[in-house]
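# Per-entry structural report
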There are 2 protein chains.
Amino acid sequence: MTTDPQATTSGATSVDAAATAGGAAGVPAPAEQLRGAGLRVTAGRVAVLEAVAGVPHATADDVVRTVREALGSVSVQAVYDALHALTEARLLRRIEPAGHPARYERRVGDNHHHVVCRSCGVVADVDCTVGHAPCLTPSSDHGFVIDLAEVTYWGLCPQCAAARAS
Amino acid sequence: MTTDPQATTSGATSVDAAATAGGAAGVPAPAEQLRGAGLRVTAGRVAVLEAVAGVPHATADDVVRTVREALGSVSVQAVYDALHALTEARLLRRIEPAGHPARYERRVGDNHHHVVCRSCGVVADVDCTVGHAPCLTPSSDHGFVIDLAEVTYWGLCPQCAAARAS
DNA sequence: CCGGACACTGGAATCATTCCAGAAAACCCG
DNA sequence: CGGGTTTTCTGGAATGATTCCAGTGTCCGG
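Residues numbered from 1 in each chain as written. Chains lettered and ligands numbered in written order. Predicted model: local features only at pLDDT ≥ 70, side-chain atom pairs only at ≥ 80, totals over all residues. Heavy atoms only, no water.

## Overview of the sheet that holds strand β1 (residues 58-59) of chain B
All names here are of chain B.
- Spatially, 3 strands are ordered β1-β3-β2 in an open sheet, and the strand pairing comes out antiparallel. The open sheet is flanked by β1 and β2 (93-95), the only strands paired with a single partner.
- In this structure, β1 lies alongside strand β3 (residues 103-105), joined through 2 bridges in antiparallel fashion. What sits directly across from Ala 58, in β3, is Tyr 104. (Pairing = 2+ DSSP bridges. Helix = DSSP H or I, 4+ residues; strand = E, 2+ residues; numbered from the N terminus.)

## Focus on the protein's contact with DNA strand C
- Surveying the vicinity of DNA strand C reveals 16 residues, the closest of which are Val41(A), Tyr80(A), Arg45(B), Ser75(B) and Gln77(B).
- Across the atoms of DNA strand C situated within 4 Å of the protein, the share located in sugar and phosphate is 60%.
- In the environment of DNA strand C, a base nitrogen lies 3.4 Å from a nitrogen or oxygen atom belonging to the side chain of Arg40(B).
- The set of elements that each furnish at least two residues to the surface near DNA strand C consists of α5 (76-88) of chain A together with α5 (76-88) of chain B.
- Tallied by class, residues from the surface near DNA strand C come to 7 nonpolar, 6 polar and 3 charged. (Near = heavy atom within 4 Å. Polar contact = N/O pair within 3.5 Å; in protein donor to acceptor, adjacent residues only side chain to side chain. Nonpolar A, V, L, I, M, F, W, Y, C, P; charged D, E, K, R; others polar.)

## Some points on the pattern of salt bridges
- On inspection of all chains with the given rule, the structure shows 10 salt bridges over all chains.
- The partner of Asp147(B) in a salt bridge is Arg118(A), with the nearest N and O atoms 2.6 Å apart. With Asp147(B) in strand β6 (residues 145-156) and Arg118(A) in the loop between β4 (113-117) and β5 (123-126), this pair bridges two chains.
- Judged by its relative accessible area of 48%, Asp147(B) is partly exposed.
- With relative accessibility at 41%, the residue Arg118(A) sits in the partly exposed group.
- Two residues, Arg93(B) and Glu105(B), come together in a salt bridge whose shortest N-O distance is 3.7 Å. Of this pair, Arg93(B) sits in strand β2 while Glu105(B) sits in strand β3; the two residues are 12 residues apart in sequence, bridging distant segments of the chain.
- What makes Arg93(B) partly exposed here is its relative accessible area of 22%.
- Each member of the salt-bridge network shares a partner with another, and the members are Asp61(A), Asp62(A) and Arg65(A). (Salt bridge = Lys/Arg side-chain N within 4 Å of Asp/Glu carboxyl O. Buried < 20%, exposed > 50% of the residue type's maximum accessible area, 1.4 Å probe, protein only.)

## Some details on the pairing of β6(B)
- Note: strand β6 (residues 145-156) of chain A against β6(B), 11 bridges, orientation antiparallel. Among the inter-strand pairings, Gly155(A) is bridged to a residue of β6(B), identified as Ile146(B).
- Here strand β4 (residues 113-117) of chain B runs beside β6(B); their pairing, made up of 4 bridges, is parallel. Residue pairing in the sheet places His114(B) in a bridge with Thr152(B) of β6(B).

## Looking at the sheet that holds strand β3 (residues 103-105) of chain A
- Taken in spatial order, the 3 strands make up an open sheet running β1-β3-β2 (chain A), and their pairing is antiparallel. The outermost strands of the open sheet, each flanked by one partner alone, are β1 (58-59) and β2 (93-95) of chain A.

## Re the protein's contact with DNA strand D
- As a matter of local geometry, DNA strand D sits amid 15 residues, with Arg45(A), Ser75(A), Gln77(A), Gln77(B) and Tyr80(B) nearest to it.
- A breakdown of the atoms of DNA strand D within 4 Å of the protein gives sugar and phosphate a share of 60%.
- In this structure, Ser75(A) approaches DNA strand D through a side-chain N or O atom, which is 2.6 Å from a phosphate oxygen.
- At 2.7 Å, a side-chain N or O of Tyr80(B) approaches a phosphate oxygen of DNA strand D.
- For the surface near DNA strand D, the secondary structure elements donating two or more residues are α5 of chain A together with α5 of chain B.
- Grouping the amino acids of the surface near DNA strand D by side-chain chemistry returns 7 nonpolar, 5 polar and 3 charged.

## Brief notes about the packing of helix α3 (residues 43-54) of chain A against α5(A)
All names here are of chain A.
- At a minimum axis distance of 10 Å, the contact between α3 and α5 shows a crossing angle of 75°. By the criterion of interaxial angle, the relationship of α3 to α5 is roughly perpendicular. In this structure, α3 uses Arg 45, Val 48, Leu 49 and Val 52 to contact α5, whose residues at the interface are Ala 82, Leu 83, Ala 85 and Leu 86.
- For the contact of α3 with α5, a count of residues per class yields 7 nonpolar, no polar and 1 charged. (Axes fitted to C-alpha atoms, helices over the stretch in contact; angles between N-to-C directions. Parallel < 35°, antiparallel > 145°, perpendicular 65-115°, else oblique. Contact = heavy atoms within 4.5 Å.)

Next up, the structure:
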C-alpha cells in the first residue's frame, strides 16, 4: 500500500483547498510556508500545520487525532517531531500552561497573550492593548539577559464559570 | 555528614528552635503560620516550610533533599502533600516554569513576577515596578472570569549568558 | 489519656514528552 | 528521470515529575 493518495502534481488536494476554504487571509499555503522556512515538505508536516490551523489552540494529542483522520496513520513521534520543527522554524508557537499539556497556535510574530481556564485548560488569545508591552522591562533584571516577557491570565472560561455558579 | 549549614541553636526539636534562629524578620515562625492557617503542626510540614525559606526557589526535589537532611527521612509523597497543603493555605506560592519542574517560594500576597533562565531553569524575583499591574486588565476577556495575571520573563541567567558568550 | 481525624509510608501508576535504531521518504545533482 | 545523501517517520521503550492507593502512624480536642 504505497500508493500515495495525495497526488503530488495536482494541487487540488486539501492542501490548497484549505488555503481558500479555511479562509485565513494572509496565511500562505502550508507547503509554501514549509518551503519558505527551509523545511522539507512532507504529508505529515502539511497535515500538522493544517491541524493546528483548524483547531485553534490544539494540544499534541488533538493534532495526532486530527492528522490521523486526514492521513490514516501517523506515529506520535512524527507529530511531536513536526511540531518541534515547525515551532523551531517559527511557523507555530508553543504555549505551555502550567499543569496542562502544551498547545500550539499559528499566530506568530505578534506578542499577544493568553487566558487559560483553570478548570478545563482551554486557551483563548488576548491582545495586549496596553500599547508597548509595559511589563517587558522589569525594574531589576538580576543580570539576566531577557528575551521574552509572556503574560498569562488565569481564570475560568464561560462554560466552567457557569457550571460553577449554578 | 549531616552538619547543618544554618546552625540552629541546639538539638532542641528544631521546630521551635528554628523559629528563633531561622527568624526571617517579618515572617512568623513556621509552627505559628501553620496553626494560623488551620493546619496541623507536624515535623514534616515545619521542615518543608523551613526548607523553602532556606532555598529561595526550591524545587520539590530540593525540598525533599533538604528535609531529609533535617529529619533523616521523609517520603516523597509527604513532601508533595505538604507542599500542596501549604500552597493551598497560601503559605507558599507555586511557580511552574514551562519545561521545568515546579518551584516554591514563601513570598506570597504581593504580585511580583519571575525571570526564568532558559538554560538552567533558575528563577529570580522581579517586582513589577510598573505601578498597578497594567497588564491585569486585558482588552477582551472572551467571557473568562480572570483571577490572576502572571508575567514570566524568559532569558539567560548571568552564569549561562557568560558561558554562552565565550 | 483516648479516640477520631488527619498525615505519612512505600509502592505502583499516570501522563506528556523524549530517546533510540532501523526503514522510508524527500530533495539535490547530473 | 534515476542515484545518493540527508532528513524524516515508525514502533517500541524510557524518562521524569507528579499523583493515586491502601495501610499504618501521629496529632490534637475533649
